[in-house]
Amino acid sequence: MIKEVAQELETQSRAWSWEMNQSGTIVIKIHRNHIDKFPLVSTSRYSTTPFFKGGYRRLTIFDQYQYTFMLKADPKLHLSPYGPHVEIIVIAFQQEKGFRKDNLHCHYDPQPHILNSYFQEKKSGLPNDISMWNGDMWKLKKFNFTDNPLAIHLTFCDTDYFSQMVTDLNTSDPHHKKCLDGTDITRNPVPEFSTILGVNVAIITKDNYVAVSAGGRDLKVGASRYHTSVAENLLRGKSSDGIREPDLFLAASRGCKEELGLDISPEEIKFHTFTVLPATGQYSMLATVKLPDHTKEDVYKSWTRAKDRYEKVDLLFIEYTPQSIAEFVYEHWGSWVPQGLTNIYHSLWMEYDKARIQEAFSDIGY
């Protein structure tokens, strides 16, 4: 079958095409002359749509199991288990219902995360004069899914920011790579890391624009790159409302208030995507909020008065249509935070049909 697909691709004028078969598996056809140009992103069995990322030159789709099989059957494709140049992996995408409080469950493990001796030594070596910047956080300890209906379960335990600094954020450390390579992060967080989970919110205005932020140069993550307008970490004491386990909806609501000055109730927030970054092992839940009363001018004015407005150097607004977003994406290849681009693209899938989205992104850049 691989040989037949390859022969068919030789006659195609476009570099790629895709379709979903009756069993729900995404079938990908990529011309082997173009394989090195494609930024591949894997999806788990819980993700039912194709996905792309910016940073290179083209758009593609990737199904983890399909490509693992193709890798073994056809080594000429030169694919790792996650594909080449992967910046983000979509573990789950719930297109229609999304993840609400009835199918997004957070649990608390009272046993705090203990660093191993290597990372504890790194943490002890941090300068004393930065101790004021440490803070209480949650480590994502494990996650799993239940079916019929689909629900996601996230289990957290106590950690702190400095532990995160010396583990999952310490990407230049050889021990970091060793720990990361020893874990299938699509199934489990790295045990040695103080892996945090972030929440990212795409804001859609009343007049049909999506807000995109340009990150400040001094940010630890996302500096000078495009992102969704709200990106928030889970902070113990601020994201739990008095209970032990974190409340992702409360955290997203807090982020909207602090970063944009918007009062968004947890009930208005619709999570839809669960992701992980292969470079760090950090996870994110992505959400969309459609504002019934705020235009883009209203949101911009609110942002200028927000508590954490300094985190962004600018707030941009793109018409919330596949064509406009595709054009903006291709004009700014290499300038995106992976979670931000994932969120905006998946938000489109919750509003527009497949054919219109595929046509918009297929026609741009060729």
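The following refers to the structure shown.

Calculation rules
Residues numbered from 1 in each chain as written. Predicted model: local features only at pLDDT ≥ 70, side-chain atom pairs only at ≥ 80, totals over all residues. Heavy atoms only, no water. Core = buried A, V, L, I, M, F, W, Y, C linked by side-chain atoms within 4.5 Å. Buried < 20%, exposed > 50% of the residue type's maximum accessible area, 1.4 Å probe, protein only. Helix = DSSP H or I, 4+ residues; strand = E, 2+ residues; numbered from the N terminus. Contact = heavy atoms within 4.5 Å. Pairing = 2+ DSSP bridges. Axes fitted to C-alpha atoms, helices over the stretch in contact; angles between N-to-C directions. Phe/Tyr/Trp six-rings, centres within 6.5 Å; stacked < 30°, edge-to-face > 60°. Lys NZ or Arg CZ within 6 Å of the ring centre and 35° of its normal. Polar contact = N/O pair within 3.5 Å; in protein donor to acceptor, adjacent residues only side chain to side chain. Salt bridge = Lys/Arg side-chain N within 4 Å of Asp/Glu carboxyl O.

1. Focus on the nonpolar core
Then, in step 1: Residues Leu-154, Leu-197, Leu-248, Phe-271, Phe-274 and Met-285 are the most contacted members of the largest nonpolar core, which totals 51 residues.
Then, in step 2: In terms of residues, this core owes the most to one element, helix 6 (residues 248–260), which gives six residues.
Then, in step 3: Setting aside chain neighbours within four positions, we find Leu-248 in contact with Leu-104, Cys-106, Leu-154, Phe-156, Leu-197, Val-199, Leu-234, Phe-271 and Met-285.

2. Considerations on the sheet that holds strand 5 (residues 104–108)
Then, in step 1: Read from one edge of the open sheet, three strands run 5-7-6, paired in mixed fashion. This sheet does not close on itself; its edge strands, each paired only once, are strand 5 and strand 6 (136–146). Each strand of the sheet is rotated relative to its neighbour by a mean of 30°, with strand direction disregarded.
Then, in step 2: As paired strands, strand 6 and strand 7 (residues 151–160) are joined by ten bridges and run antiparallel to one another. Bridge pairing in strand 7 places Lys-142 opposite Thr-155.

3. Describing the environment of Lys-141
Then, in step 1: Along the chain, the position of Lys-141 falls in strand 6.
Then, in step 2: Residue Lys-141 is classed as partly exposed on the basis of its relative accessible area, which comes to 34%.
Then, in step 3: For the pair Lys-141 and Pro-112, spaced 29 residues apart in sequence, the C-alpha to C-alpha distance is 9.8 Å.

4. Comments concerning the packing of aromatic side chains
Then, in step 1: Under the criterion given, the structure shown has 14 aromatic pairs.
Then, in step 2: Put simply, the rings of Phe-143, Phe-145, Phe-274 and Tyr-283 touch in pairs and so form one group of aromatic residues.
Then, in step 3: The lysine or arginine in question, Lys-296, covers the ring of Tyr-209, its NZ or CZ lying 4.1 Å from the ring centre.

5. Observations regarding the side chain of Glu-232
Then, in step 1: Counting through the fold element by element, Glu-232 comes out in strand 11 (residues 230–233).
Then, in step 2: Side chain to side chain, Glu-232 and Arg-254 meet in a polar contact 2.5 Å long.
Then, in step 3: Apart from residues lying up to four places away in sequence, Glu-232 is in contact with Gly-198, Val-199, Ala-251, Arg-254, Gly-255, Glu-258 and Glu-259.

6. What to know about the pairing of strand 8 (residues 197–204)
Then, in step 1: Strand 8 sits mainly inside the fold: eight of its eight residues count as buried.
Then, in step 2: Taking every second residue as pointing to the same face, both faces of strand 8 are buried, with Leu-197, Val-199, Val-201 and Ile-203 on one and Gly-198, Asn-200, Ala-202 and Ile-204 on the other.
Then, in step 3: Pairing geometry for strand 8 and strand 13 (residues 282–290), over eight bridges, is parallel. Considered in strand 13, the bridge of Val-199 is made with Met-285.

7. What to know about the pattern of salt bridges
Then, in step 1: Under the counting rule described, the total for this entry stands at 13 salt bridges.
Then, in step 2: Between Asp-102 and Lys-97 there is a salt bridge, and its shortest N-O distance comes to 2.9 Å.
Then, in step 3: Note on Asp-102: relative accessible area 48%, which makes it partly exposed.
Then, in step 4: Using a relative accessible area of 40% as the deciding quantity, one classes Lys-97 as partly exposed.

Function cannot be read off these values alone, since they describe shape.
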